[in-house]
Amino acid sequence: MRAAVVLLAAAAACAGPREPAPAAAVHPVATVWFEPPLPAPGTLTVVHESGFRWRGAASATGVTFSAPDGPCTLTLRSQGRTSERIWKLQAGSRELVWRPEPR
């Protein structure tokens, strides 16, 4: 048993230093404003055509997140209701005023 532990430690030492993790992709910031404000905060999920996904808390007035350019689906959940819409993110168009309608 001891020999196995020593052998494992020696093998780990020979492996050399670990490669640094690749840097996370940095995407431009986008903001969604809710008009009128939501009756209560909720959760916004962003699913981009590239496979990028983001989910976070949305205040009653809006939410800001980072995502790549291109089409994405926004899904808002608040007070047991769900609203959804498509948004094409692009340079010069990274703010959206959304009047969510529950479905």
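Residues numbered from 1 in each chain as written. Predicted model: local features only at pLDDT ≥ 70, side-chain atom pairs only at ≥ 80, totals over all residues. Heavy atoms only, no water.

S.K.: Could you give an account of the overall build of the protein, naming the residues involved and the relevant values?
M.R.: Counting its secondary structure elements, the protein contains one helix and seven strands. Listed by position from the N terminus, the elements making up the protein come as α-β-β-β-β-β-β-β. Counting across all 103 residues of the protein, residues that qualify as buried make up 30%. Put simply, of all contacts in the protein between residues at least 6 apart along the chain, 48% involve residues at least 24 apart. (Helix = DSSP H or I, 4+ residues; strand = E, 2+ residues; numbered from the N terminus. Buried < 20%, exposed > 50% of the residue type's maximum accessible area, 1.4 Å probe, protein only. Contact = heavy atoms within 4.5 Å.)

S.K.: Please provide a residue-by-residue account of the sheet that holds strand β5 (residues 70-78), values included.
M.R.: The four strands lie next to each other as β3-β2-β5-β6, forming an open sheet whose pairing is antiparallel. Every interior strand has two partners, whereas the edge strands, β3 (53-58) and β6 (81-89), have only one. Within this sheet the neighbouring strands show an average axis-to-axis angle of 20 degrees, counted without direction. Looking at chain direction, β5 and β6 are connected through nine bridges and run antiparallel. By the bridge assignment for β6, Thr-75 is matched with Glu-84. (Pairing = 2+ DSSP bridges. Axes fitted to C-alpha atoms, helices over the stretch in contact; angles between N-to-C directions.)

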